Amino acid sequence: MNVLVLNCGSSSLKFAVIDPDTTVEHVSGIAQRLGSPEASLDVRRNGSRSSRPIAGARHEAALRAVVDLLRDLGLADGLLAVGHRVVHGGSKFAGSMAITPEVIAQVEECVPLGPLHNPSNLVGIRIAQELFPSLVQVGVFDTAFHQTMPPVAYTYPVPYEWLERHGVRRYGFHGTSHRFVAQRALALAGLPADDHALVTAHLGNGCSCAAVRNGRSVDTTMGLTPLEGLMMGTRSGSVDPAIIGHVAGAEKRPPQEVLDALNKGSGLLGVSGLSNDMRTVEEAAAAGNARAGLALDIFCYVLAKTVAALVVPLGRLDALVFTGGIGENSATVRERTLRQLEFLGLSVDAAANAAHGRGTRGRVTTGLKPQALVVPTNEELMIALDAAGIARAA
Ligand code: AMP
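So, a few notes on the structure that sits alongside this text. (Residues numbered from 1 in each chain as written. Predicted model: local features only at pLDDT ≥ 70, side-chain atom pairs only at ≥ 80, totals over all residues. Heavy atoms only, no water.)

1. Quick notes on the packing of aromatic side chains
- As enumerated under the stated definition, the model contains one aromatic pair in all.
- Geometrically, the ring pair formed by Phe93 and Phe141 is stacked, given 4.1 Å between the ring centres and 5 degrees between the ring planes. One end of the pair, Phe93, is in the loop between β6 (79-86) and β7 (97-98); the other, Phe141, is in strand β8 (residues 136-141), with 48 residues separating them in the sequence. Here Phe93 matches Phe141 in class, with each residue buried.
- Looking at Arg169, its charged tip hangs above the ring of Tyr154, at a distance of 3.7 Å from the centre. (Phe/Tyr/Trp six-rings, centres within 6.5 Å; stacked < 30°, edge-to-face > 60°. Helix = DSSP H or I, 4+ residues; strand = E, 2+ residues; numbered from the N terminus. Buried < 20%, exposed > 50% of the residue type's maximum accessible area, 1.4 Å probe, protein only. Lys NZ or Arg CZ within 6 Å of the ring centre and 35° of its normal.)

2. Here we look at the sheet that holds strand β11 (residues 216-220)
- One open sheet holds the six strands; their spatial order is β11-β10-β9-β12-β14-β13, and the pairing between them is mixed. Whereas interior strands pair on both sides, the edge strands pair on one side only; in this sheet they are β11 and β13 (362-363).
- The strands touched by helix α6 (residues 175-189) are β9 (197-203), β10 (207-213), β12 (319-323), β13 and β14 (371-374); relative to β9, the strand with the most contacts, the crossing angle is about 125 degrees.
- Across the sheet, helix α13 (residues 331-339) is in contact with β9, β12 and β14; its angle to β12 comes to roughly 155 degrees. (Pairing = 2+ DSSP bridges. Contact = heavy atoms within 4.5 Å. Axes fitted to C-alpha atoms, helices over the stretch in contact; angles between N-to-C directions.)

3. Some details on the site of the ligand
- Around the ligand, the neighbouring residues are Gly204, Asn205, Asp277, Met278, Arg279, Glu282, Gly324, Gly325, Ile326, Asn329 and Ser330.
- Within the side chain of Asn329, an N or O atom sits 3.5 Å from a nitrogen atom of the ligand.
- Here the ligand loses 75% of its free accessible area of 500 Å² to cover by the protein chains.
- Elements supplying a minimum of two residues to the shell around the ligand: α10 (278-286) and α12 (324-329).
- For the shell around the ligand, the leading source of residues is α12, giving four residues. (Near = heavy atom within 4 Å. Polar contact = N/O pair within 3.5 Å; in protein donor to acceptor, adjacent residues only side chain to side chain. Areas by Shrake-Rupley, 256 points an atom, 1.4 Å probe, with all protein chains shown as cover.)

4. Overview of the nonpolar core
- If you look at the biggest cluster of nonpolar residues, it comprises 42 residues, and the most contacted ones within it are Leu203, Phe299, Leu303, Leu320 and Val333.
- Every element with two or more residues in this core is listed here: β9, β10, α10, α11 (290-314), β12, α13 and β14.
- Per-element tally for this core: the top contributor is α11, with twelve residues.
- If we skip the residues at most four places from it in the chain, Leu320 touches Val199, Val307, Leu338, Leu341, Leu346, Gln371, Ala372 and Leu373.
- If you look at the next biggest cluster of nonpolar residues, it comprises 30 residues, including Ala16, Val181, Ala185 and Ala384. (Core = buried A, V, L, I, M, F, W, Y, C linked by side-chain atoms within 4.5 Å.)

5. Digging into the side chain of His84
- Tracing the chain through its elements places His84 in strand β6.
- For His84, a relative accessible area of 2% puts it in the buried group.
- With residues up to four places along the chain from it excluded, the contact list for His84 reads Leu6, Gly124, Ile125, Ala128, Gln137, Val138, Gly139, Val140 and Ile383.

6. Regarding the pattern of salt bridges
- A full pass over the atoms with the stated rule returns 19 salt bridges.
- We note a salt bridge from Arg44 to Glu25, for which the minimum N-O separation is 3.9 Å. Pair noted here: Arg44 is in strand β4 (residues 40-45) and Glu25 is in strand β3 (residues 25-32), with a separation of 19 residues, a long-range link.
- We classify Glu25 as partly exposed; its relative accessible area is 34%.
- Of the charged contacts, one joins Asp68 and Arg71 as a salt bridge, the two residues approaching to 3.6 Å between their closest N and O atoms. Placement of the pair is Asp68 and Arg71 together in helix α1 (residues 59-72), with a separation of three residues, close to one helical turn.
- The exposed category is assigned to Arg71, whose relative accessible area is 54%.
- Put simply, Asp195, Arg213, Arg316 and Asp318 are held in one network by salt bridges that share partners. (Salt bridge = Lys/Arg side-chain N within 4 Å of Asp/Glu carboxyl O.)

7. Observations concerning unusual backbone geometry
- Looking along the chain, the bond that leaves Lys369 and enters Pro370 is cis, with omega of -5 degrees.
- Along the chain, Pro370 turns up in the loop between β13 and β14.
- Despite not being glycine, Lys252 has its phi angle at roughly 50 degrees, a positive value.
- Relative to the helices and strands, Lys252 is located in the loop between α7 (242-251) and α8 (255-264).

8. Examining the pairing of β6
- Burial of β6 is extensive: seven of the eight residues sit out of reach of the surface.
- Across six bridges, the pairing between β6 and β8 is parallel. Directly across from Val86, in β8, lies its bridge partner Phe141.

Right under this line is the structure:
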């Protein structure tokens, strides 16, 4: 039996139908530019892609179009469950949950923490409940994996009342990906489930690292929001917060605009002035563009510095795991980062590193203790596995 995985964003709806037992993905796709005349449903099946217009469709019409597609493909009947990605679970969810009215109320309470994502996630849940009233619906939270962090890792050194009154603390994100690659890395690295120390680096459009000790996240780099931590495609990562007041004052702009620039106009895009896409930045750097070269240098420097810092909560390092679009595909980023971590005993294997691209997995260092690995992430599969487990136990 298959699981329908849904990831409902503000103007998009990603879906996948996955068999949790064989891990086969039967079909996946994205309905994007929802609410606009250019809305389309883009579908991937058996390695081929197709696209059709669904002009003006909003989430409900888009999900109906997905259900029609699944009917045509003979995949609509016999679904086991629907798994929903939910971005912000605050401190309320330490694991995936069957959706109940109480769970929905708690996700609503987390809207102030995830104002850009949680409302859309809730729309997806509501529509899926209407379309599949007899199926178990499961919420899988980006933040849940990091709920095992101790107070010393999640408490900011700010007035304590902010935590009590407004929930100001580190939550962390990409938890589904960090959990998935940490599990997969164990078998690849030959590490025991009850005694390992990993740093997982999810490097995509958004980037974060997690320190994983014996299957539990003990620290991570994203914070109250996904803005904190590593340099990313358009996000600055950690910077001095006084920048906001300084630039707002100097340019006579509202502080919110400066904050928006830290989220959307910084990172690779902001420094290079070219693109948020690592491929473009790498090509420009190789062609001699100085600012692209600087952006690439900062990206790898901050990453290496962060990995080293995360060895503190771990006490030792068994493996560093690279995943996400950049982590899986960019041999350049891995090599430059690893060269700065040689003092930890990580020694890059240039040939193995160059051989890894999307869909391949394995070691990219010469040594075994510690080692660095590429492990392709699959958040949709992790959501399907969680949803299947909860549906079968219900
Ligand atoms: P994701 O969010 O995980 O899909 O990752 C998307 C990012 O991966 C893109 O913005 C690119 O920066 C990066 N990426 C994908 N392919 C490559 C590649 N071959 N080399 C470098 N970066 C890549």
